[in-house]
Amino acid sequence: MLSTAKFEKEIMEKAKSLEFSTFLLGVVLPTDFEEKLSEEERLAAKAGMKRSLGMRLETAWKKRGIRADFTDPDVKFTLDFYRKRLILSIKPLYIYGRYLKYSREIPQSKWPCRKCQGSGCDYCKGEGAMYSETVEGLLASPLLKATGAKATKMHAVGREDIDARMLGTGRPFVLELASPKKRKISLAKFEEEINRKNKGKMAANGLRFVEKDAIGKVKAAQPAKTYQLKVSCTRAITKSDFTKLLRLSGKLIHQKTPERVLHRRADLVRRRKILGLKAKQVDKNTLELTVKAQSGTYVKEFVTGDKGRTRPSVSEVLGCTCKPLELDVIDVDFELGG
Ligand SMILES: [Zn+2]
């Protein structure tokens, strides 16, 4: 019989610096041992080891409230007799929330350097990235520190352009923290800290723990979005222009892939609905537009017309050239629920 004593000691040692409520054991048998056994005997040997060691561990960790869990454990210890080592796998933490971005100079997540593709060069001052700060980085750094996680990954409901702010209700996301050593952290405290440290840059709200399935829901979402744009026109705006603009509300528009993204997207025609439109005059030549549009609408091109590639457009109905000066996303119509 194989001895689990060495593994048991190692597990007990590792568990001291780990925060978890549930665990599972796994066993990988060495080849020479396995060859002597039938399939049934193999399973029985593994089950026996797991049962007796599992019971001893549960007893040892009783005060910490730790118990075995066979479906979705926080931690899995695999006794690998074949490689002669203990393999530890820790379930990631998943945090749901919404972020706001007040800066027009911060991207959502890491944008590899266009010269070196991330390896670091003179152009990016060795950073490997075009921007040293990202929404993901600012959100994740205190959480990484507090949980001892190895890495983070952000899954968001779409993204805004770097020069667009994300205001209003914010953009929903799930932040995944890989291999956390601590899991019992107060998200309210982190929200407060993140928002205090990044005043004027970004903020987070509604942070809460969720399960892995939230990632799929966030990725599959195709919510309507509401934008606020400051638009300059090449001629003075008149009263009758507002009537023309309001007619765009509820319109189905046809958008050929914008010129600016043609190098990386297929050239095709998208049909998207403008769900709502409001217009306000800022000065003689400037408008403020609030546009609610179906998911996937290229809203900048809806304003410019993209040389006739988007029809109808604000430029087309006003019969002059209109350009967005500033763009903000003010609502992403999505709620995770649960
Ligand atoms: Zn570089």
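Scroll up for the structure.
Residue positions are counted from 1 within each chain, in the order its sequence is given. Given that this is a predicted model, residues contribute local features only at a pLDDT of at least 70 and side-chain atom pairs are listed and counted only at 80 or more, while totals for whole chains, interfaces and linings are drawn from all residues. Excluding hydrogens and water, the side-chain values take into account all heavy atoms of the structure.

A short note on unusual backbone geometry
At step 1: Here the amide bond leading from Arg311 into Pro312 is cis, since omega sits at -15°, within 30 degrees of zero.
At step 2: Along the chain, Pro312 turns up in the loop between strand E13 (310–311) and helix H9 (314–318).
At step 3: Positive phi values are uncommon outside glycine, yet Gln117 reaches one of about 60°.
At step 4: Counting from the N terminus, the helices are the DSSP runs of H or I reaching at least four residues and the strands are the DSSP runs of E reaching at least two. Looking at the element boundaries, Gln117 is found in the loop between strand E5 (93–101) and helix H4 (135–147).
At step 5: Buried residues are those whose accessible area, probed at 1.4 Å on protein chains only, stays under 20% of the maximum for their type, while exposed residues exceed 50% and partly exposed ones sit between those limits. Of the residues examined, Gln117 reaches a relative accessible area of 60% and is grouped as exposed.
At step 6: Within the chain, Ser179 stands out as a residue other than glycine whose phi angle is a positive 50°.
At step 7: Counting through the fold element by element, Ser179 comes out in the loop between strand E7 (165–178) and helix H5 (187–197).

Some details on the environment of Leu187
At step 1: Along the chain, the position of Leu187 falls in helix H5.
At step 2: For Leu187, a relative accessible area of 7% puts it in the buried group.
At step 3: Note on contacts: a residue pair is in contact if any heavy atoms of the two residues lie within 4.5 Å. Not counting the four nearest positions on each side in its chain, Leu187 is found in contact with Ile95, Leu143, Leu207, Arg208 and Phe209.

Details of the pairing of strand E14 (residues 322–332)
Along any regular strand the residues' side chains alternate between the sheet's two faces.
At step 1: Between any two strands, at least two bridges found by DSSP are needed for them to pair. Note: E7 against E14, two bridges, orientation parallel. By the bridge assignment, Arg165 is partnered in E14 with Asp328.
At step 2: Two strands pair when backbone bridges link them, and strand E9 (residues 225–233) and E14 are joined in this way by nine bridges, in the antiparallel orientation. By the bridge assignment, Ser232 is partnered in E14 with Lys323.

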